[in-house]
Amino acid sequence: MTASPASQTTLRPYRPEDRDALFDICVRTGHEGGDARHLYPDPALLPNIFAAPYVVLEPDLAFVVEDGGRAVGYIVGTADTASFVARYRSQWLPGLTDRYPAPIQPPSTPAEVMTDLMHRPERMVLPELEAYPAHLHIDLLPSHQRNGYGRQLMNAFLAALHAKGVAAVHLSMVTNNTPARAFYDRVGFHEIAVPDPGPVTYLGRTTTSP
């Protein structure tokens, strides 16, 4: 499948009726940029960590690419990671604990690893990232990648941050996802040194045009 012509696509703010598409995009791009549905018995697990809390807690920083009346890509994030973590802990996580209890033993499956991350939002606050207070998540269905939509989403998000007076933003990505790294390099991100980052790489950039 190929993307529809650009004239048929729309970049716009997220709307509540995009929720199902948001969840679908998140899980279908959740394994090093590819489909993660085979790894997670509950397809809502990844979206409830990496997508849904942002559109609930900071909806003014959520944008989608729509094609044919349905969202096919999104960018979400926060202007202030420390504040987001506090709100995630107090406002978002309590609604998930019955469905996703915190692991009692060290996680051993992909779902347990993600559930453990869900219950440890403070992991997002690192001293090395203080100069990059905002952070983001961006995902596009494979059918709509390499068509310029990712750059459009990124530009909209950076402009919204800049309008809020936020100087810089960071993200974390699975190091093995080399196509994603190539994209982030193209849109002006650089690596941020973080001790013992595990399987991820941290990247950052200013919110102004390069």
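A quick note: this is a predicted structure, and the numbers were derived from the prediction, not measured. (Residues numbered from 1 in each chain as written. Predicted model: local features only at pLDDT ≥ 70, side-chain atom pairs only at ≥ 80, totals over all residues. Heavy atoms only, no water.)

**Regarding unusual backbone geometry**
Now for step 1: One non-glycine residue with positive phi stands out, namely Arg 146, at about 60°.
Now for step 2: As for its position among the elements, Arg 146 is in the loop between β4 (134-140) and α6 (149-163).
Now for step 3: For Asp 196, which is not glycine, the phi dihedral falls at a positive 45°.
Now for step 4: As for its placement among the helices and strands, Asp 196 is situated in the loop between β6 (190-192) and β7 (200-206).
Now for step 5: Note on Asp 196: relative accessible area 78%, which makes it exposed. (Helix = DSSP H or I, 4+ residues; strand = E, 2+ residues; numbered from the N terminus. Buried < 20%, exposed > 50% of the residue type's maximum accessible area, 1.4 Å probe, protein only.)

**Points about the packing of aromatic side chains**
Remark: the centre distance and the inter-plane angle together describe each pair of aromatic rings, the angle taken between the planes.
Now for step 1: Within this structure, the stated rule accounts for four aromatic pairs.
Now for step 2: Each ring, one from Tyr 54 and one from Phe 84, has its centre 4.3 Å from the other, and the planes form 10°; the classification is stacked. On the criterion of sequence distance, the pair formed by Tyr 54 in helix α3 (residues 52-57) and Phe 84 in helix α4 (residues 81-92) is long-range, its members being 30 residues apart. Grouping residues by exposure puts Tyr 54 and Phe 84 together as buried.
Now for step 3: A ring pair is formed by Tyr 184 and Phe 189, whose centres lie 5.7 Å apart and whose planes are at 65°; its orientation type is edge-to-face. (Phe/Tyr/Trp six-rings, centres within 6.5 Å; stacked < 30°, edge-to-face > 60°.)

**What to know about the pairing of β4**
Now for step 1: With seven of seven residues buried, β4 lies mostly within the body of the structure.
Now for step 2: Side chains Ala 134, Leu 136, Ile 138 and Leu 140 of β4 all project onto a buried face; the interleaved residues His 135, His 137 and Asp 139 project onto the opposite face, where all are buried too.
Now for step 3: Pairing of strand β3 (residues 70-78) with β4 involves six bridges; the strand directions are antiparallel. Along β4, the bridge assignment pairs Gly 73 with Leu 140.
Now for step 4: For β4 and strand β5 (residues 168-174), the ladder comprises two bridges, and the chain directions are parallel. (Pairing = 2+ DSSP bridges.)

**Here's the deal with the environment of Ala 193**
Now for step 1: On the secondary structure map, Ala 193 appears in the loop between β6 and β7.
Now for step 2: For Ala 193, a relative accessible area of 66% corresponds to the exposed category.
Now for step 3: Separated by 64 residues in the primary sequence, Ala 193 and Leu 129 have C-alpha atoms spaced 9.2 Å apart.

Note that every value here comes from positions in space, so none of it alone points to a role or purpose.
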